[in-house]
Amino acid sequence: MKLLLTSAGIKNESIKRALLELLDKPIEECVALCIPTAIYALNGGTQHAWNFFKGDFSTPMCELGWKSVGVLELSALPSIDESVWRPAFEQADVLLVNGGDPLFLHHWMEQSGVAALLPSWEGVYVGLSAGSMVMTPRIGEEFVGWRSSDDQNDETLGFVDFSIFPHLDHEMLPENTSRDAAEWAEALQAPAYAIDDETAIRVKDGNVDVISEGNWKKFF
């Protein structure tokens, strides 16, 4: 599985080069599928989803010049025969997975069947904030918002063996300071990265490296 786990999309040239290396061909030759699902659990989610598609956020994903861009809405898939949507999934070169609520995204990844398909899928998974966090084993109690039940914990897909604290020291997120990240990591007691919006984590063939023009920290 090839992953590019970002805090805020393809924010700089270093992250873009990492993406191109994973794709192994130009962006304009790649078919993209956008997954907006996570954002619907937040206030204003419908407008935020539209902004994601249009490229009106400072989180470049859909607007990079792909050959084609489609939408894969996970919450719709359980009511549709898999034969209808799976060909588009299999043909995609890249999945662009929006931020929002990571547990809401986790729920629909599982319910839709996409989580079960990802390990054998041959494309590049690009996550943005919650879209990155969902690939980790745990997100930490600090990031638990939406719950599917009263006993919902902070566990997510676990396709990588580290957790992610996104938007490190972001000026609009006073709860995302370096001190907050350290306390989050201390509670997890497991491998973890805190990354700012100029940073991404690349995973290919089990190898992990950090791509950054900003600030990040590895814990444990």
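The following paragraphs examine the structure supplied in this document. Computed from a predicted model, the values in this text were never measured in an experiment. Within any chain, residue numbers begin from 1 and follow the written order of that chain's sequence. Owing to the predicted nature of the model, reporting of local features is limited to residues with pLDDT of at least 70; listing and counting of side-chain atom pairs is limited to 80 or more, with chain, interface and lining totals taken over all residues. Values reported for side chains reflect all heavy atoms of the structure, with hydrogen atoms and water molecules removed beforehand.

**Topic: the side chain of Asn 98**
In step 1: Following the sequence through the fold, Asn 98 ends up in the loop between β4 (94-97) and α4 (102-112).
In step 2: For Asn 98, a relative accessible area of 4% gives the class buried.
In step 3: Asn 98 has contacts with Ile 35, Pro 36, Ala 38, Ile 39, Phe 52, Leu 105, Leu 128, Ala 130 and Gly 131, leaving out every residue within four places of it along the chain. Runs of E in the DSSP output that reach at least two residues are strands. Runs of H or I that reach at least four are helices, and both are numbered from the N terminus. The buried label goes to any residue with under 20% of its type's maximum accessible area, the exposed label to any with over 50%, and the partly exposed label to all in between, with areas taken from a 1.4 Å probe on protein chains only. Note on contacts: a residue pair is in contact if any heavy atoms of the two residues lie within 4.5 Å.

**Description of the nonpolar core**
In step 1: Side-chain atoms within 4.5 Å are what join buried Ala, Val, Leu, Ile, Met, Phe, Trp, Tyr and Cys residues into a set we call a nonpolar core. Residues Met 109 and Tyr 125 are the most contacted members of the largest nonpolar core, which totals 48 residues.
In step 2: Per element, the largest residue contribution to this core is five residues, and it comes from α4.
In step 3: The next biggest cluster of nonpolar side chains, apart from the first, holds 22 residues, and it includes Ala 32, Trp 66, Leu 96 and Ala 200.

**Details of the layout of surface pockets**
In step 1: Approximately 900 Å³ is the volume attributed to the largest pocket.
In step 2: Definitions used for this entry: grid spacing 1 Å over protein atoms alone; cavity, a set of points where a 1.4 Å probe fits but cannot get out; pocket, an open set with protein on both sides within 12 Å along at least 5 of 7 lines; lining residue, one with an atom within 4 Å of a point. If you go around the largest pocket, you meet 33 residues; those closest to its centre are Leu 42, Gly 100, Ser 129, His 167 and Leu 173.
In step 3: No other element matches the three residues that helix α7 (residues 178-188) contributes to the lining of the largest pocket.
In step 4: Any residue outside Ala, Val, Leu, Ile, Met, Phe, Trp, Tyr, Cys, Pro, Asp, Glu, Lys and Arg is labelled polar, Gly included; the first ten of those are nonpolar and the last four are charged. Per-class residue counts for the lining of the largest pocket are 14 nonpolar, twelve polar and seven charged. Grid points are joined across faces, edges and corners, and a volume is the space filled by probe spheres set on the points.

**Let's talk about the pattern of salt bridges**
In step 1: The term salt bridge refers to a pairing of a side-chain nitrogen on Lys or Arg with a carboxyl oxygen on Asp or Glu at a separation within 4 Å. Per the counting criterion, the structure on display carries nine salt bridges.
In step 2: Between Arg 202 and Glu 21 there is a salt bridge, and its shortest N-O distance comes to 2.5 Å. Of the two residues, Arg 202 sits in strand β8 (residues 199-204) while Glu 21 sits in helix α1 (residues 13-23), which places them 181 residues apart along the sequence.
In step 3: Note on Arg 202: relative accessible area 15%, which makes it buried.
In step 4: Close ionic contact of Asp 154 with Arg 138 constitutes a salt bridge, the shortest N to O distance being 3.1 Å. Placement of the pair is Asp 154 in the loop between α6 (130-133) and β6 (163-165) and Arg 138 in the loop between α6 and β6, with a sequence separation of 16 residues.
In step 5: By relative accessible area, which is 4% here, Asp 154 ends up buried.
In step 6: Connected through salt bridges with shared partners, the residues Glu 21, Arg 202 and Asp 209 form a single ionic network.

**Brief notes about the environment of Val 160**
In step 1: For Val 160, the position within the fold is in the loop between α6 and β6.
In step 2: In the structure, Val 160 is positioned 34 residues away from Ala 194 in sequence and 15 Å away in space, judged by C-alpha atoms.
In step 3: Aside from chain neighbours lying at most four places away, what touches Val 160 is Leu 3, Leu 5, Met 135, Thr 136, Pro 137 and Val 203.

**Side note on the sheet that holds strand β10 (residues 216-219)**
In step 1: Here, strands pair whenever DSSP counts at least two bridges between them. Judged by pairing direction, the sheet is mixed, and its three strands sit side by side in the order β6-β7-β10 without closing on themselves. Single-partner strands in this sheet number two, and they are β6 and β10. Adjacent strand axes in the sheet meet at a mean angle of 20°, parallel and antiparallel pairs treated alike.
In step 2: With four bridges connecting them, strand β7 (residues 192-195) and β10 associate as antiparallel partners. Each bridged residue has a counterpart across the sheet, and for Tyr 193 the counterpart in β10 is Lys 218.
In step 3: Note on geometry: axes are lines fitted to C-alpha atoms, helical ones only across the stretch in contact, with angles between N-to-C directions running from 0 to 180 degrees. Sheet strands in contact with α7 are β6, β7 and β10, and its direction is about 160° off that of β6.

**Notes on the environment of Val 94**
In step 1: The residue Val 94 is located in strand β4 in this model.
In step 2: With relative accessibility at 0%, the residue Val 94 sits in the buried group.
In step 3: Between the alpha carbons of Val 94 and Tyr 125 there is a distance of 5.8 Å; along the sequence they are 31 residues apart.
In step 4: Residues in contact with Val 94, not counting those within four places in the same chain, are Leu 23, Val 31, Ala 32, Leu 33, Trp 66, Trp 121, Val 124 and Val 126.

**Concerning the sheet that holds β8**
In step 1: The strand order across the open sheet built from seven strands is β3-β2-β4-β5-β1-β8-β9, with neighbouring strands paired in mixed fashion. Each having just a single partner strand, β3 (68-71) and β9 (207-212) make up the two edges of the open sheet. Each strand of the sheet is rotated relative to its neighbour by a mean of 20°, with strand direction disregarded.
In step 2: By the bridge criterion, six bridges tie β8 to β9 in an arrangement that is antiparallel. Across the sheet, residue Thr 199 finds its bridge partner in β9, namely Ser 212.
In step 3: Taken strand by strand, α1 contacts β1 (2-6), β4, β5 (124-128), β8 and β9, and its axis lies near 165° from that of β1.

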